[in-house]
Structures are given as C-alpha cells and as structure tokens.
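# Fold and geometry: a report
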Amino acid sequence: MRYMIIVKATKDSEAGVMPSEELLARMGAYHEELARAGVLLDGSGLKPSREGWRIRYEGDSRRVTDGPFTETKELIAGYTLIQVRDRDEAMEWTRRFPNPAGDGGAAEIEVRPLFELEDFGPSEAVARMHEIGIGGPKK
C-alpha cells in the first residue's frame with residue numbers, strides 16, 4: 001500500500017522561509033531511515049504557492065489562476081511517499097515524522113492512501129496506465 005504524507009503549508013513556508021539546518025538534518029535522518037527500511041518512494045518540499053498556478057475546469061474550458069493562494073490551511077508545503085504493508089505500518093512511520101515547524105511550534109501533516117490501479121478493476125485504460133508506469137507496480 002502506498003501512502004502520501006502531506007506536509008501542510010504555514011505562513012513561514014508560504015513566505016519562502018527556508019527550514020533551519022537542524023530541521024533539515026532531522027528530516028534527512030527520518031527519510032534515510034525510511035530508505036534503509038525500503039519503504040521510501042519519494043519526497044520533496046514545495047516552493048511557495050506564489051510560484052505556482054491552478055487550472056479550473058468548467059466543461060471543456062480552462063481558466064488559469066496564478067498564485068499566491070491565500071488559504072494557507074489548504075496548501076501543501078511538501079510530501080513524502082511511502083510503500084508499506086498496511087495502514088498500521090503507515091501509522092507507525094508517520095507518528096515518527098519530525099515536526100515540520102522545526103521549533104516545536106504548531107504544524108500539521110495529513111496522511112492519505114493512494115489508489116492502486118487494481119482498485120478500479122480491469123479495463124483498457126488501466127492496462128495502458130500500467131504500461132506507462134502510472135499507479136505503482138502491477139500486483
């Protein structure tokens with residue numbers, strides 16, 4: 001099972017404040033531990049929303065809106081992807097995730113399971129996604 005650990009944005013992350021060396025070291029050590037255990041798939045921080053954009057779909061039309069976006073609670077500052085046996089193992093790993101605030105301040109992560117292509121049942125579209133490498137390894 002694959003899980004995404006979503007690091008919620010803060011006013012500091014949206015302002016472009018870089019993490020302290022101490023926090024980078026703690027995050028590095030945690031991700032190194034994930035890698036040694038063979039469960040780390042990917043992870044990275046995201047630049048502030050002012051450097052991004054959104055695309056809104058209404059039927060066939062698309063509208064692009066440049067950042068920044070004002071609702072910090074809806075934004076993501078980073079992510080880690082892990083692949084584990086089950087929810088309990090994911091919970092075990094995510095409870096050990098370092099506080100993203102670094103200084104012991106308030107922060108939040110959200111953990112969500114990813115869909116596996118098998119969740120959708122067999123179809124030509126699912127087979128094609130497997131062929132191009134979308135949706136994780138074929139089971």
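Everything in this summary refers to the structure shown in the same document. For clarity, every value in this text was computed on a predicted model and none was experimentally measured.

Checked against the element boundaries, Glu89 lands in helix H3 (residues 87-95). Overall, Glu89 belongs to the buried group, its relative accessible area being 10%. Each C-alpha atom of the pair Glu89 and Met1 lies 9.8 Å from the other, and the pair is 88 residues apart in sequence. Non-local contacts of Glu89, meaning those with residues more than four positions away in its chain, are made with Val39 and Val84.

This part is about helix H2 (residues 21-37). Given a rise of 1.5 Å per residue, 17 residues ought to cover 24 Å, and the 24 Å separating the end C-alpha atoms of H2 matches this to within 8%. Listed as buried for H2 are Leu23, Met27, Tyr30, His31 and Leu34. The arc that holds every buried residue of H2, seen down its axis, measures 95°, which confines them to one face. Away from the buried face of H2 by more than 90 degrees, exposed residues Glu21, Glu22 and Arg36 are located. Of the surrounding elements, those touching the buried residues of H2 are strand E1 (2-8), strand E2 (40-45), strand E5 (76-83) and H3. Where H2 terminates, the next one or two residues include Gly38, which has phi positive at roughly 80°.

Reading the values: rules and limits
Residues numbered from 1 in each chain as written. Predicted model: local features only at pLDDT ≥ 70, side-chain atom pairs only at ≥ 80, totals over all residues. Heavy atoms only, no water. Helix = DSSP H or I, 4+ residues; strand = E, 2+ residues; numbered from the N terminus. Buried < 20%, exposed > 50% of the residue type's maximum accessible area, 1.4 Å probe, protein only. Contact = heavy atoms within 4.5 Å. Expected span 1.5 Å × (residues − 1). Arc of directions from axis to C-beta.

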